[in-house]
Amino acid sequence: MRNHQDTSAEPETHESEPIDAPRQPWQAEVSRLLSRAAALCVEQGVDVEGFMKGAWSAYIESRPGMRDYLEEMQLRDQLEEIRKAGRMAEA
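Described below are features of the structure shown in this document. (Residues numbered from 1 in each chain as written. Predicted model: local features only at pLDDT ≥ 70, side-chain atom pairs only at ≥ 80, totals over all residues. Heavy atoms only, no water.)

## Observations regarding the packing of aromatic side chains
Thought 1: Inspection of every chain in the model, using the stated rule, returns one aromatic pair.
Thought 2: Where Trp56 meets Tyr59, the ring centres are 6.2 Å apart and the plane angle is 25°; that geometry is what we call stacked. Here Tyr59 and Trp56 lie together in helix 2 (residues 48-61), a separation of three residues that amounts to about one turn. (Phe/Tyr/Trp six-rings, centres within 6.5 Å; stacked < 30°, edge-to-face > 60°. Helix = DSSP H or I, 4+ residues; strand = E, 2+ residues; numbered from the N terminus.)

Next up, the structure:
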């Protein structure tokens, strides 16, 4: 459901900035982009969990191999727990 809130209190998004504007320090750029993404999610009625899942997914997808690495680490942890519980012989 779309949330129709007064958007006058939303952070400034600088949409009119030229593409070739001087580069800001990376922290300022990240903050600006996250603020814009959050404002868009609020406008569309996306809850905080949906926003966080989207941000996490975008971060993982931008790092080649990270998803596979995290999945492998999770599998190793699960196998270790199974071994500790005595439900699988140690390989």
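## A few points about the packing of helix 2 against helix 3 (residues 66-84)
Thought 1: Look at helix 2 against helix 3: their axes get within 8 Å of each other, and the N-to-C directions meet at 105°. When the axis of helix 2 is compared with that of helix 3, the two are roughly perpendicular. Facing Trp56, Ser57, Ile60 and Glu61 of helix 2, the residues of helix 3 in contact are Met66, Arg67 and Leu70.
Thought 2: In the contact of helix 2 with helix 3, the residues fall into four nonpolar, one polar and two charged. (Axes fitted to C-alpha atoms, helices over the stretch in contact; angles between N-to-C directions. Parallel < 35°, antiparallel > 145°, perpendicular 65-115°, else oblique. Contact = heavy atoms within 4.5 Å. Nonpolar A, V, L, I, M, F, W, Y, C, P; charged D, E, K, R; others polar.)

So yeah, pure geometry; function would need other evidence.
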